[in-house]
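So you can see what is in the structure, the chains are spelled out below.
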Amino acid sequence: MQAAAAADLFTVTGTVSGLSSETRSFGLSSAEDVFNFPRFESLHTRFGNYTGVEAAAMHIDFRGLPMVVSYPVAESSLLVLHVPDLNIHEEFHGATREESRRAFSDFMKKNGGGILNRIMKRLVAESANDPIAGNPNSLMGQMVANDFANGFTSLVSNAGTKEDNASNLIGIGARVSSIKQDGLRNTSVTIPLSYTIRSDIDPRRQLIFNLPLTYTSVESAKAYNLGFGVAYRLPINDEWTITPSAGYGATGSKDLGAYGQAVSAALTSAYVISGSGYDIAIGNMVGIYKTLKLEAGGYSYNPDIQNLVFRNGVMFSQPVNVFGRKMSIEYSLIDTRYTGTKLYNEGYDEIGVTLGTNKNASSARSFLRAGATYLFSPRSKGFTLNLGYWF
C-alpha cells in the first residue's frame, strides 16, 4: 500500500476488487480532482487492475470530512455517494459509469437536495483551512479583524497625524500572515486599501472605506478574497469613541471546492486612558457575520454560517526616539471569540508590537506603521507582519 502525504488536503484510500484485489492510498490536490476521480482514466491510472467493470470503493478524507464514493457492484454503472457523518446516501444510475460519474459531479456542483450546503457547513467545523470561516485567515476571520482595526487598533494608535489635521487620508499597505493548523501551513497576503474622510467641523469624526484584496495558499491550493467595508468613528468625549461598521466579502477557491460571500455589522468601543508619557487603550467589539447564497464556478450554495463574534483588546503605547526621530511604540493583546455556527477554531489570542510615526510629536500629513503579531490558540499558531502608509 502506498501512503498518502501527510500534508495533502484530500486523501484517498481506494480498493478495486477483481481477480486480484488492489488497495492504495494517495493524495489529491483539489476538490475538482475528487469530483472527477470516478472517471475511468483516473481509476485506471492509479489501479492497474481496473478495466472499467470491477467493483471499486474510494474512502476520501475531504478536508477532514470522511466520505465514500464507490461503484459497489461489478459489471454495474451504479455510483454511490455516502457521507456517514451527515447521514447522506445518494445513488446515481447512468447508462454507463461515465454517465453516472457526470451525474454525481453535476449533483455536487448544483447542490442537489442542499447536500453541498450541509457538507460546507460541516467543513467549517472540521477543516482547519476552510476559506469561508473557521480560521483567522478565512474570509470571516479577516472581516472580523478589519472591523476591529477600524474601530480600535488604528483609531487609538499614536502612530498617525494630529487630530487637528482635517485632511482626508489614502491608505495602502501589505500584510502577510502565516498560520500552521492541523499540520498544514496557511499563508495569506493582503493589500489593504482605504480612504478616510475627516469632518471639517470635528476631524475626530471620520468615515472610512476599506477595500482589502487577499491571496491565500494552503499547500498547493489557492483562494482569493475581495472585501468592502465602511465604518464611521463617532467620538462621545475626549476619551471614548464608538464605531459602527458594515462589510461585505467574497471568497473563491476551485482547489478547495469552496465559494462564499458574507456580510457583517459590528459596533466597536474604544476608550483611552492617558498617563504621563503613555496611553492605555481598551477596545471592545461585537459583530454579526453571516454567509449569503452564491453561484460561481458551476457551484451554487449557501452554507448558512452565522456567528456572533466578540473581539476585545488592550493597547499600551509610549513615545520613543529611533535614530533621532520621534516615534511611537505600541504593545497590544487581543482576544477573539466566536459563538453560533460551530467552527474549527472558535477562539484565538494575538500579541503584537507596532512602531510608527508619533502623531503627538509631528504635524506631518502622512504616517507609517509597521508591526508584527504572534497568534496562538490550542489549534493554531502563527505570525503576521504588517506595513501601512497613509497620506
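Asker: Teacher, can you tell me more about the overall build of the protein chain here?
Answerer: Each helix and strand in the protein chain was counted, giving five helices and 20 strands. For the protein chain, the spread of C-alpha atoms along the principal axes amounts to about 85 × 40 × 30 Å. In the protein chain, the proportion of contacts linking residues at least 24 apart, taken out of those at least 6 apart, comes to 55%. Accessible surface, the protein chain as shown: approximately 17100 Å² in total, 58% of it carbon and sulfur. When the 34 positive and 34 negative side-chain charges of the protein chain are each reduced to one mean point, those points stand 6 Å apart.

Asker: It is not clear to me how the pattern of salt bridges should be interpreted in this structure. Could you clarify?
Answerer: Two side chains with opposite charge may pair up if their charged atoms get near one another. Going through the model one piece at a time under the given rule, you end up with twelve salt bridges. Across the salt bridge formed by Asp85 and Arg122, the nearest N and O atoms sit 4.0 Å from each other. Within this pair, whereas Asp85 is found in the loop between β5 (79-83) and β6 (88-92), its partner Arg122 is found in helix α4 (residues 115-126), the two being separated by 37 residues in sequence. A salt bridge links Glu330 to Arg369; the shortest N-O distance between them is 3.3 Å.

Asker: When you look at the confidence of the model for the protein chain in this model, what are you seeing that I'm missing?
Answerer: Caution applies to low-pLDDT parts of the model: their predicted coordinates are not meant to be read in detail. Mean pLDDT over the protein chain: 90, with 93% of residues reaching 70 or higher. Taken element by element, the protein chain is modelled with least confidence in strand β15 (residues 299-301), mean pLDDT 69, and with most confidence in strand β13 (residues 278-292), mean pLDDT 97.

Asker: Quick question: what am I supposed to make of the packing of aromatic side chains here?
Answerer: Per the counting criterion, the structure on display carries 13 aromatic pairs. Pairing Phe148 with Phe152 gives two aromatic rings, centres 5.1 Å apart and planes at 40 degrees, and the pair type is tilted. Taken together, the positions of Phe148 and Phe152, both in helix α5 (residues 139-156) and four residues apart, correspond to about one turn of that helix. Ring geometry for Tyr278 and Phe316: centres 5.8 Å apart, planes at 20 degrees, overall stacked. Taken as a pair, Tyr278 in strand β13 and Phe316 in strand β16 (residues 306-322) lie far apart in primary sequence, 38 residues in all.

Asker: Could you clarify how one ought to interpret unusual backbone geometry in this entry?
Answerer: Of all residues except glycine, most have a negative phi; of all peptide bonds, most are trans. If you check the backbone angles, Asn87 has positive phi at about 55 degrees while not being a glycine. Relative to the helices and strands, Asn87 resides in the loop between β5 and β6. Phi angles above zero are rare outside glycine, and Asp182 is one such case at about 55 degrees. Mapping Asp182 onto the fold places it in the loop between β7 (169-181) and β8 (184-198). Note on Asp182: relative accessible area 57%, which makes it exposed.

Asker: Help me understand the environment of Leu333, please; the structure alone is not making it clear to me.
Answerer: In this fold, Leu333 is placed in strand β17 (residues 325-340). The exposure class assigned to Leu333 is partly exposed, which follows from its relative accessible area of 43%. Distance in space between the C-alpha atoms of Leu333 and Arg379 is 18 Å, their sequence separation being 46 residues.

Asker: Mind showing me how you'd approach the nonpolar core here?
Answerer: Most often, soluble globular proteins keep nonpolar side chains buried together rather than apart. Among the nonpolar cores identified, the biggest contains 69 residues, and Phe62 and Ile119 are the most heavily contacted of them. Per element, the largest residue contribution to this core is eight residues, and it comes from α5. In contact with Phe62, other than residues within four places in its own chain, are Phe10, Ala31, Val34, Phe35, Met67 and Leu123.

Asker: Just checking my understanding: could you explain the pairing of strand β12 (residues 258-275) for this structure?
Answerer: Sheet faces and side chains relate simply in a regular strand, where the side chains alternate between the two faces. With 14 bridges joining them, strand β11 (residues 240-253) and β12 adopt antiparallel strand pairing. Within β12, the residue paired with Ala246 across the bridge is Ala265. Linkage of β11 to β12, two consecutive antiparallel strands, is achieved through a turn of four residues, within which Gly257 is found at a positive phi near 70 degrees. Relative to β13, β12 is paired through 15 bridges, and the arrangement is antiparallel. Bridge pairing links Thr268 to Met285 in β13. Counted along the chain from β12 to the antiparallel partner β13, the turn is two residues long, and its residue Gly277 has a positive phi close to 85 degrees.

Asker: Honestly, the sheet that holds strand β2 (residues 22-28) in this entry has me stumped. Any pointers?
Answerer: Where strands meet in a sheet, backbone hydrogen bonds hold them as pairs that are either parallel or antiparallel. Reading across the sheet, the six strands line up as β2-β1-β3-β4-β5-β6 and stay open at both edges, with antiparallel pairing between neighbours. Every other strand in the sheet has two partners, leaving β2 and β6 as the edge strands with one partner each. Averaged over all pairs of adjacent strands, the angle between their axes in this sheet comes to 15 degrees, without regard to strand direction. Sheet topology places strand β1 (residues 10-16) next to strand β3 (residues 56-62); seven bridges connect them, and they run antiparallel. For Val16, the partnering residue across the bridge sits in β3 and is Ala56.

Rules used throughout
One numbering rule holds for all chains: residues counted from 1, following each sequence as written. Whole-chain, interface and lining totals are the exception, using all residues; otherwise, since this is a predicted model, local features are given only for residues with pLDDT of at least 70 and side-chain atom pairs are given and counted only at 80 or more. No hydrogens and no water enter the side-chain calculation; it runs on all heavy atoms of the structure. Comment: elements are numbered from the N terminus, with helices defined as DSSP H or I runs of at least four residues and strands as E runs of at least two. Throughout, a contact is declared for two residues whenever any of their heavy atoms are within 4.5 Å. Where accessible areas are quoted, they stem from the Shrake-Rupley method and a 1.4 Å probe; at the residue level, only the protein chains shown are allowed to cover. Charge counting follows a simple rule: Lys and Arg are positive, Asp and Glu are negative, and His as well as the terminal groups are ignored. Charged side chains are reduced to one point each, which is NZ for Lys, CZ for Arg, CG for Asp and CD for Glu. Here a salt bridge means any side-chain nitrogen of Lys or Arg lying within 4 Å of a carboxyl oxygen belonging to Asp or Glu. Confidence scores here are pLDDT values: one per residue, from the predictor, ranging 0 to 100. Aromatic pairing here means that ring centres of Phe, Tyr or Trp (its six-membered ring) are within 6.5 Å. Orientation follows from the plane angle: under 30 degrees is stacked, over 60 is edge-to-face, and everything else is tilted. For each residue, the accessible area found with a 1.4 Å probe, counting protein chains only, is set against the maximum for its type, and the residue is called buried under 20%, exposed over 50%, and partly exposed in between. Remark: nonpolar core denotes a set of buried residues (Ala, Val, Leu, Ile, Met, Phe, Trp, Tyr, Cys) joined through side-chain atoms within 4.5 Å. Paired strands, in this sense, are two strands between which DSSP finds at least two bridges. Here an axis means a line fitted to C-alpha atoms, over the contact stretch when the element is a helix, while the angle between two N-to-C directions is reported on a 0 to 180 degree scale.

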